[in-house]
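# Topology and contacts: notes
Residues per chain, in single letters:
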Amino acid sequence: MKDKNTAAQIHAHVKAGRPSDGKKAPETVEDKVLDETKADLDELWQGDTVAALQKENKELKDKVAQLEDKYLRAEAEMRNMGNRQKKEIAGMLKYDGQKLAKSILPVADNLERALAADVTPDGIKQLHKGVEMTHEHLIHSLEENHITEIPAAGKKFDPTMHQAVSTVPADKDHPADTVVQVLQKGYMLQDRVIRPAMVVVAQ
């Protein structure tokens, strides 16, 4: 019975990695590797590595928040810029004729003065002179606003700028497809026809 107990004690010591005399067994390479691995894991989860990862995580979150804030600010600025442009365009369209109107107002003033002139021989002369000056002022105002007369008399008929209302036989002075007479002048705004010239064409 005593021998069985002694054998069991020896087996327990061997299983525990210690000699039967109670002394610590020599550390093997495997034990050393296991100990170092355990120590590394302990340091990874409990030491500076975790703190570093937490710090890096916080920095990344801060950067994401900053980028999100910059994106929202840029989006708001683009929206405000678009609204300003729409407002400016609307204002330009609404008051597009302001310059022309200011240029033509003196024409209305001159016409009123001409109508107020006395109907006498001298008054008729003054009236004619006033109307002549008013016409010159009007043409100048139109030209200042890029509104110009369409060339027509003696020119080759151009359906994009001329509107033929009648025709006459062609002759040596008026070849075929030539504008013989202008019944109503046409005008252009920049390069756009705003009213074609009404003309008589030779055919």
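Residues numbered from 1 in each chain as written. Predicted model: local features only at pLDDT ≥ 70, side-chain atom pairs only at ≥ 80, totals over all residues. Heavy atoms only, no water.

### Digging into the overall build of the protein
- In terms of regular secondary structure, the protein is built from five helices and six strands.
- Counting all 203 residues of the protein, 12% fall into the buried class.
- For the protein, restricting intrachain contacts to residue pairs at least 6 apart in sequence, the fraction spanning at least 24 positions comes to 58%.
- As displayed, the protein has an accessible area near 16800 Å², and 57% of this comes from carbon and sulfur atoms. (Helix = DSSP H or I, 4+ residues; strand = E, 2+ residues; numbered from the N terminus. Buried < 20%, exposed > 50% of the residue type's maximum accessible area, 1.4 Å probe, protein only. Contact = heavy atoms within 4.5 Å. Areas by Shrake-Rupley, 256 points an atom, 1.4 Å probe, with all protein chains shown as cover.)

### Focus: the confidence of the model for the protein
- Across the protein, the average pLDDT comes to 77, with 74% of residues at 70 or higher.
- Taken as a whole, residues 1–20 scores under 50 in pLDDT and shows nine contacts with residues more than four places along the chain or in a different chain. (pLDDT = per-residue confidence, 0-100.)

### Examining the pattern of salt bridges
- Within this structure, the stated rule accounts for four salt bridges.
- Note that K58 is salt-bridged to D62, the shortest N-O span being 3.2 Å. Of this pair, K58 and D62 both sit in helix α3 (residues 48–94), four residues apart, roughly one helical turn.
- Judged by its relative accessible area of 36%, D62 is partly exposed.
- Close ionic contact of R84 with E77 constitutes a salt bridge, the shortest N to O distance being 3.4 Å.
- Residue classification places E77 among the partly exposed positions, given a relative accessible area of 39%. (Salt bridge = Lys/Arg side-chain N within 4 Å of Asp/Glu carboxyl O.)

### Quick word on the nonpolar core
- Core analysis: the largest hydrophobic core is formed by five residues, namely A152, V179, A197, V199 and V201.
- Considering each element in turn, this core owes the most residues, three residues, to strand β6 (residues 197–202).
- Not counting residues up to four positions away in its chain, the partners in contact with A197 are A152, M161, H162, Q163, Q184, K185 and G186. (Core = buried A, V, L, I, M, F, W, Y, C linked by side-chain atoms within 4.5 Å.)

### Some words on the sheet that holds strand β3 (residues 179–184)
- In spatial order, the strands read β2-β6-β3; together these three strands make up an open sheet with mixed pairing. Both outer strands of the open sheet, β2 (162–168) and β3, are each paired with one neighbouring strand and no more. Taken pair by pair, the neighbouring strands of this sheet meet at an average axis angle of 30°, ignoring direction.
- Pairing of β3 with β6, which is carried by four bridges, proceeds in the antiparallel orientation. Residue pairing across strands places V179 opposite V201, the latter belonging to β6. (Pairing = 2+ DSSP bridges. Axes fitted to C-alpha atoms, helices over the stretch in contact; angles between N-to-C directions.)

### Points about helix α5 (residues 121–144)
- If you check α5, its first and last C-alpha atoms are 35 Å apart, about what 24 residues at 1.5 Å a residue would give, namely 34 Å.
- All of the buried residues along α5 are G123, G130, T134, S141 and L142.
- Following α5 by one or two positions, H146 has its phi on the positive side, about 65°. (Expected span 1.5 Å × (residues − 1).)

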